[in-house]
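Here are the chains, one letter per residue:
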Amino acid sequence: MKIEEYREMDKNRLNSNKDRLESGVVMKDIYSVYIDDSVIIEAGAIIDNNVTIKGNSVIKSGAHIYQSSYIENSIIGNNTEIKSAYIYESSIGDNTTVGPFAYIRPGCKIGNECKVGDFVEVKNSNFGNGSKASHLTYIGDADVGERVNLGCGVVFVNYDGSKKQRSTIDDDAFIGCNTNIIAPVEIGEGSYIAAGATVTED
């Protein structure tokens, strides 16, 4: 591609960003934001600097996308904060916080009023309303209910060496720090798992 073509692309990007500003989207720095034309951003959303949003993404009103976030083919709910996180082919509910430095991989549905904190990775999982994983946790191939608390260092061990398995955590369960959940298992409603446990049975 010639330098003139790059310059034309940059000009078109800036014009698109200016159009979004006029429609009620707040952008901290239109020169550092890269947003595909296919992306829908509602009025009242806030986009910080160094943000990339691609594909068929939707950013709803009141959402705040903090600097250095990357979002692709995903839905971000009303009044949700995305803090320096990477999100692919997933949906995030309303009034939820993701990050800083969280990684949401394809196939995830994060509910309303959730917290997915720093260095948390979620893959092909459902995460119910009001549930929290504040830091350093891997949630893979899991169905997590509502108001569940996952402590620091919880790992969903979803691969047995030949195939992936799913685990289920029912509503109001408390999973202590450094717990290994060996799929496939179900942890029942209101269960309390002490720190350092390895769960191999329902």
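Let me sum up the structure you'll find in this document.

1. Looking at unusual backbone geometry
Logical step 1: Note that the residue after G99, namely P100, is joined by a cis bond; omega there is 10°.
Logical step 2: Locating P100 in the fold gives a position in the loop between β13 (97-98) and β14 (103-104).
Logical step 3: Positive phi is not limited to glycine here, since S68 has a value of about 65°.
Logical step 4: Among the structural elements, S68 can be located in the loop between β7 (64-65) and β8 (70-72).
Logical step 5: One non-glycine residue with positive phi stands out, namely E113, at about 55°.
Logical step 6: For E113, the location among the structural elements is in the loop between β15 (109-110) and β16 (115-118).
Logical step 7: Among the residues examined, E113 registers a relative accessible area of 55% and is labelled exposed.

2. Section: the sheet that holds strand β21 (residues 142-144)
Logical step 1: The sheet built from nine strands is open, its strands ordered β3-β6-β9-β12-β15-β18-β21-β24-β27 with parallel pairing. Sheet topology places β3 (40-41) and β27 (186-187) at the edges, where each strand pairs with a single neighbour.
Logical step 2: Note that strand β9 (residues 75-76) and strand β12 (residues 91-92) share two bridges and pair parallel. Pairing of I75 across the sheet is with S91, part of β12.

3. Observations regarding the packing of aromatic side chains
Logical step 1: On inspection of all chains with the given rule, the structure shows six aromatic pairs.
Logical step 2: Geometrically, the ring pair formed by Y70 and Y86 is stacked, given 5.5 Å between the ring centres and 20° between the ring planes. Residue Y70 is located in strand β8, and its partner Y86 is located in strand β11 (residues 86-88); the two are separated by 16 residues in the primary sequence.
Logical step 3: Exposure remark for Y86: the relative accessible area of 41% places this residue in the partly exposed category.
Logical step 4: What links up through ring pairs into an aromatic cluster is the set Y70, Y86, Y88 and Y103.
Logical step 5: Looking at R13, its charged tip hangs above the ring of Y34, at a distance of 4.1 Å from the centre.
Logical step 6: Sitting above the plane of the Y66 ring, K83 keeps its charged end 5.6 Å from the centroid.

4. Notes on the pairing of strand β19 (residues 132-135)
Logical step 1: When β16 meets β19, the two strands line up parallel, connected through three bridges. Its bridge partner being in β19, K115 is matched across the sheet by K132.
Logical step 2: In terms of strand pairing, β19 meets strand β22 (residues 149-150) through two bridges, oriented parallel. Bridge pairing in β22 links K132 to N149.

5. A look at the sheet that holds strand β1 (residues 26-27)
Note: strands within a sheet are paired through backbone hydrogen bonds, in either parallel or antiparallel orientation.
Logical step 1: Taken in spatial order, the ten strands line up as β1-β4-β7-β10-β13-β16-β19-β22-β25-β28 in an open sheet, and their pairing is parallel. Looking at strand neighbours, the two that pair on one side only are β1 and β28 (192-193), the edges of this open sheet.

6. Looking at a nonpolar patch on the surface
Logical step 1: Together, F101, F119 and L136 line one region of the surface with nonpolar side chains, adding up to about 340 Å² of accessible area.
Logical step 2: Mapped onto the elements of the fold, F119 is located in the loop between β16 and β17 (121-123).

7. Looking at the state of the cysteines
Logical step 1: By the definition in use, this model includes zero disulfides.
Logical step 2: Looking at the unpaired C108, the closest cysteine sulfur is the one in C114, lying at 12 Å.
Logical step 3: Its relative accessible area of 4% is what places C108 among the buried residues.
Logical step 4: Free cysteine C177: the closest other cysteine sulfur is in C152, separated by 6.7 Å.
Logical step 5: Looking at C177, the relative accessible area reads 33%, which means it is partly exposed.

Definitions and cut-offs
- Residues numbered from 1 in each chain as written.
- Predicted model: local features only at pLDDT ≥ 70, side-chain atom pairs only at ≥ 80, totals over all residues.
- Heavy atoms only, no water.
- Helix = DSSP H or I, 4+ residues; strand = E, 2+ residues; numbered from the N terminus.
- Buried < 20%, exposed > 50% of the residue type's maximum accessible area, 1.4 Å probe, protein only.
- Pairing = 2+ DSSP bridges.
- Phe/Tyr/Trp six-rings, centres within 6.5 Å; stacked < 30°, edge-to-face > 60°.
- Lys NZ or Arg CZ within 6 Å of the ring centre and 35° of its normal.
- Patch = residues over 30% accessible without salt bridge, like charges linked within 9 Å, V, L, I, M, F, W, Y side chains within 5 Å.
- Areas by Shrake-Rupley, 256 points an atom, 1.4 Å probe, with all protein chains shown as cover.
- Salt bridge = Lys/Arg side-chain N within 4 Å of Asp/Glu carboxyl O.
- Disulfide = S-S within 2.5 Å.

Just distances and angles here, no functional claims.
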